[in-house]
Amino acid sequence: MLHLLAFLLLLVPSTHATFPTTEAIPFACPDVSGLQKTGETSNSISYAWSNTGAEYKLWYTREEDTYTSSFIYTYNTSYSFTGLSAGHYTFYFQALCGAETSGYIGAEDIIGN
């Protein structure tokens, strides 16, 4: 029985094979940073941030009616949200790096009051 077990172990491939292995290197998509409000009117607000080299996903929510905008995609490091009605808003910003995404940040503001 011991001889049969030893023979079978020789047939099982070693976990220390000489084949090259590749490990996935974790990729961290950097969060949007340096976010600043750059302008505001009674129905618009503008922001800029300091990241470069990524695509960005933006959206907003309005507190009064729980409205959530559709996503806005841009490669620019600034954006003006226009056509806003008066209310309390949270504007969200997220970096997209291929299949990776950063965390998102939010900036609260009041428009038109």
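Note that this is a predicted model, so its numbers are computed, not measured.

(A) Structural context of the packing of aromatic side chains. Across all of its chains, the model carries 18 aromatic pairs by this definition. An angle of 70 degrees between the planes, with centres 5.3 Å apart, marks the rings of Trp-49 and Tyr-56 as edge-to-face. For the pair Trp-49 and Tyr-56, a shared accessibility class is recorded, and that class is buried. Both rings, one in Trp-59 and one in Phe-71, keep their centres 5.3 Å apart while their planes meet at 85 degrees; by these two values the pair is edge-to-face. With Trp-59 in strand β3 (residues 55-62) and Phe-71 in the loop between β4 (67-68) and β5 (72-74), this pair connects stretches of sequence that are 12 residues apart. Look at Trp-59 and you get buried, because its relative accessible area is 11%. Connected via pairs of aromatic rings, a cluster forms that spans Tyr-47, Trp-49, Tyr-56, Tyr-60, Tyr-67, Tyr-79, Phe-81, Tyr-89, Phe-91 and Phe-93. Taking the ring centre of Phe-71 as reference, the NZ or CZ of Lys-57 above it sits at 4.2 Å.

(B) Summary view of the pattern of salt bridges. If you walk through the whole model with that rule in mind, you get 3 salt bridges. A salt bridge links Asp-109 to Lys-37, with the shortest nitrogen-to-oxygen separation between them at 2.9 Å. You can see Asp-109 sitting in strand β8 (residues 100-111) and its partner Lys-37 sitting in strand β1 (residues 36-40), a full 72 residues away along the chain. Relative accessible area serves as the criterion here: at 16%, Asp-109 is assigned to the buried category. With its nearest N and O atoms 3.0 Å apart, the salt bridge here joins Arg-62 to Asp-65. Owing to a relative accessible area of 13%, Arg-62 belongs among the buried residues under this scheme. Judged by relative accessible area, Asp-65 falls into the partly exposed class, the value being 43%. Because the salt bridges share partners, they merge into one network encompassing Lys-37, Glu-40 and Asp-109.

(C) Seen up close, the environment of Trp-49. Its place among the elements puts Trp-49 in the loop between β2 (45-48) and β3. The sequence separation of Trp-49 and Ser-78 amounts to 29 residues, and the corresponding C-alpha distance is 6.3 Å. Beyond its immediate sequence surroundings of up to four residues, Trp-49 is in contact with Val-32, Ser-33, Gly-34, Leu-35, Tyr-56, Leu-58, Asn-76, Thr-77, Ser-78, Tyr-79 and Phe-93.

(D) Geometry of the state of the cysteines. Tallied over the entire structure, the rule returns 1 disulfide. Two residues share a disulfide in this structure: Cys-29 and Cys-97, whose sulfurs sit 2.0 Å from each other. Because the torsion about its S-S bond is 70 degrees, the bridge between Cys-29 and Cys-97 counts as right-handed. With a gap of 68 residues between them, Cys-29 in the loop between α1 (2-11) and β1 and Cys-97 in strand β7 (residues 87-97) connect regions that are remote in the sequence. Relative accessible area serves as the criterion here: at 8%, Cys-29 is assigned to the buried category.

(E) A look at the side chain of Ser-46. By secondary structure assignment, the location of Ser-46 is in strand β2. In this structure Ser-46 comes out as buried when scored by relative accessible area, which is 15%. Setting aside anything within four residues of it in sequence, one finds Ser-46 in contact with Gln-36, Lys-37, Thr-38, Gly-39, Tyr-79 and Ser-80.

Criteria and cut-off values
- Residues numbered from 1 in each chain as written.
- Predicted model: local features only at pLDDT ≥ 70, side-chain atom pairs only at ≥ 80, totals over all residues.
- Heavy atoms only, no water.
- Phe/Tyr/Trp six-rings, centres within 6.5 Å; stacked < 30°, edge-to-face > 60°.
- Buried < 20%, exposed > 50% of the residue type's maximum accessible area, 1.4 Å probe, protein only.
- Helix = DSSP H or I, 4+ residues; strand = E, 2+ residues; numbered from the N terminus.
- Lys NZ or Arg CZ within 6 Å of the ring centre and 35° of its normal.
- Salt bridge = Lys/Arg side-chain N within 4 Å of Asp/Glu carboxyl O.
- Contact = heavy atoms within 4.5 Å.
- Disulfide = S-S within 2.5 Å.

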